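# Understanding the architecture of this molecule
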Amino acid sequence: MIQRFLSVTSFCAALALLLFSCRQPIDLDVDRSVVATNLPEITDFSPKVVRNGDRIMITGKNFVNVKKVMLDTLVLDSIIIENRGRMTARVLNQASQGTIRMSRAYKISVFTPIGVAESRQKIALSDYSITGFISFNEQPLDSVIIIATYTTKSLVTQTLTGHGINMKSSGFYDIWIPNINSGSFNVPNGADFTVRPFLSGYAFSPSEQTVTFQNQQGVGGTEFKASKVPADKMPEFTSITPSTGYSFSGSAETGTLIELRGKGFTGLRKIMIGIPYQIPGTQSVTVGYTEATEFTMKSDGELSVRIPRFDRTKALSGRTYTNCQIYLLRDDASILAPQRISITYI
């Protein structure tokens, strides 16, 4: 009986061996993608804004045998590999690479024999501008208004308004410095600008920064972090009277006196008047902001402010500008009034 069982078992084993030996081999990796290992990766970099000659600190993984580092088509030099996850590279002068001098944003690329790493966030290269970056919860924040204020030797305050550079949804801003060392603006080397961001419902850290314009180059490194302000901590408007007024071009004490009522005015740092100017030669409209420096705080919920002199390079004599904005800026909050006013420039 046992001998018969062993014979049957041996026969079954031989048959199974024969069947499997006749089958074609199975490639278990047919549906798999071969993933390369040790690929370079960029996880972060600083600063977010640079000028010609600045060094960029790049962090990531697998920075081994790095062949070159680029900002789009701009090649960086003086590459220093500190370790597999940290390196620096220097920004060359754009003019030496045949590039037009202007501020714009770039992707960083790190090239190794195994592969290329590309940054998800862009970096801005500042030239002839004040350029910076604003984030909220570690992500780029857009639609923020930036003003840069400079006082000339004749104590005339110039206010420039910032905007995005060459791309949308980036968190970058750029304030072009016009008429460098020429014309009426005449910004000298060593001039200090006060840069301040604002957006209704947000606070910024720091609330403002001072940057120095030197050597007719761009000013970079002005980075701000935004935070939302709770509704119960925000200033409020209840009324603005009158809703129409005048701005006079030839007077130091210019403009109509306007009364603002509400609450939360204590701690007010600046009042900005936003005027919708038409861009010459186009149908487009841009909002330029002028600081109303003459105001009197009567209480936490009441103040008077005089309409400032408009930007004479943009405003047209005799024209009435409607839907003008009023912004209140505290260090811990910015608020745009829901009311709009009309201002005639004389």
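Residues numbered from 1 in each chain as written. Predicted model: local features only at pLDDT ≥ 70, side-chain atom pairs only at ≥ 80, totals over all residues. Heavy atoms only, no water.

## A closer look at the overall build of the protein chain
- In terms of regular secondary structure, the protein chain is built from 1 helix and 30 strands.
- Residue pairs at least 24 apart in sequence account for 63% of intrachain contacts in the protein chain once pairs closer than 6 positions are excluded. (Helix = DSSP H or I, 4+ residues; strand = E, 2+ residues; numbered from the N terminus. Contact = heavy atoms within 4.5 Å.)

## Some words on the side chain of Q209
- Following the sequence through the fold, Q209 ends up in strand β19 (residues 209–213).
- In this structure Q209 comes out as buried when scored by relative accessible area, which is 19%.
- Reaching out from Q209, the side chain makes a polar contact with the backbone oxygen of E223 at a distance of 3.0 Å. (Buried < 20%, exposed > 50% of the residue type's maximum accessible area, 1.4 Å probe, protein only. Polar contact = N/O pair within 3.5 Å; in protein donor to acceptor, adjacent residues only side chain to side chain.)

## Comments concerning the pairing of strand β26 (residues 295–299)
- By the bridge criterion, 4 bridges tie β26 to strand β27 (residues 302–306) in an arrangement that is antiparallel. Each residue of the ladder has a partner; that of T296, found in β27, is S304. (Pairing = 2+ DSSP bridges.)

## As for empty space enclosed by the protein
- Throughout the structure, instances matching the rule amount to 1 cavity of 30 Å³ or more.
- Within this model, the largest cavity holds a volume of roughly 50 Å³.
- Considering the residues around the largest cavity, the lining is formed by R196, P197, F198, Y202, A203, F204, S207, R330, D331, A333 and S334.
- Those elements giving two or more residues to the lining of the largest cavity turn out to be β17 (191–198), β18 (202–205) and β29 (333–336). (1 Å grid on protein atoms, 1.4 Å probe; cavity = no way out; pocket = protein on both sides within 12 Å on 5 of 7 lines; lining within 4 Å. Points joined across faces, edges and corners; volume = space filled by probe spheres on them.)

## Points about the sheet that holds strand β9 (residues 108–111)
- The 4 strands are arranged β5-β4-β9-β10 in an open sheet whose pairing can be described as antiparallel. The open sheet has two edge strands with one neighbour each: β5 (74–75) and β10 (116–118).
- Strand direction decides the pairing type here: strand β4 (residues 68–71) and β9, joined by 4 bridges, are antiparallel. By the bridge assignment for β9, K68 is matched with F111.

## Here we look at the pattern of salt bridges
- If you walk through the whole model with that rule in mind, you get 16 salt bridges.
- Note that E118 is salt-bridged to K107, the shortest N-O span being 3.8 Å. Here E118 is found in strand β10, whereas its partner K107 is found in the loop between β8 (104–106) and β9, with 11 residues between them in sequence.
- The partner of K298 in a salt bridge is E259, and the shortest N-O contact between them spans 3.2 Å. Linking K298 in strand β26 with E259 in strand β23 (residues 257–263), this pair joins segments that are 39 residues apart in sequence.
- Relative accessible area serves as the criterion here: at 47%, K298 is assigned to the partly exposed category.
- Residue E259 is classed as buried on the basis of its relative accessible area, which comes to 16%.
- Overlapping salt bridges bring together R196, E208, R269 and D331 as one network. (Salt bridge = Lys/Arg side-chain N within 4 Å of Asp/Glu carboxyl O.)

## A few points about the packing of aromatic side chains
- Taken as a whole and judged by the stated rule, the model has 11 aromatic pairs.
- Where F198 meets Y327, the ring centres are 4.7 Å apart and the plane angle is 70°; that geometry is what we call edge-to-face. Taken together, the positions of F198 in strand β17 and Y327 in strand β28 (residues 320–330) put the pair 129 residues apart, joining distant regions of the chain.
- With relative accessibility at 0%, the residue F198 sits in the buried group.
- The interplanar angle of 55° and the centroid separation of 6.0 Å between the aromatic rings of F237 and F265 together place this pair among those described as tilted. A residue pair is termed long-range when its members are at least 10 positions apart, and F237 in strand β21 (residues 236–241) and F265 in the loop between β23 and β24 (268–278) qualify at 28 residues.
- Residue classification places F237 among the buried residues on the basis of a relative accessible area of 11%.
- Among the residues examined, F265 registers a relative accessible area of 1% and is labelled buried.
- Among the aromatic residues, those joined into a ring-pair cluster are Y277, F310, Y321 and Y345. (Phe/Tyr/Trp six-rings, centres within 6.5 Å; stacked < 30°, edge-to-face > 60°.)

## Thoughts on the layout of surface pockets
- Of the volumes computed, that of the second largest pocket is approximately 430 Å³.
- Contributing to the lining of the second largest pocket are 16 residues, with D44, K48, Q121, F133 and E138 lying nearest its centre.
- With 4 residues, the single largest contributor to the lining of the second largest pocket is strand β1 (residues 41–46).

## Observations regarding the environment of M272
- Mapped onto the elements of the fold, M272 is located in strand β24.
- Here M272 falls in the buried class, since its relative accessible area comes to 0%.
- Spatially, the C-alpha atom of M272 lies 6.6 Å from that of L328, the residues being 56 residues apart in sequence.
- Leave out the neighbours within four places in its chain, and M272 touches I147, T159, F198, Y289, T290, E291, Q325, I326, Y327 and L329.

## A word on the sheet that holds β26
- Taken together, 4 strands build an open sheet; the order of strands is β21-β23-β27-β26 and the sheet is antiparallel. Every other strand in the sheet has two partners, leaving β21 and β26 as the edge strands with one partner each. Between one strand axis and the next, the sheet turns through 20° on average, direction left out of account. (Axes fitted to C-alpha atoms, helices over the stretch in contact; angles between N-to-C directions.)

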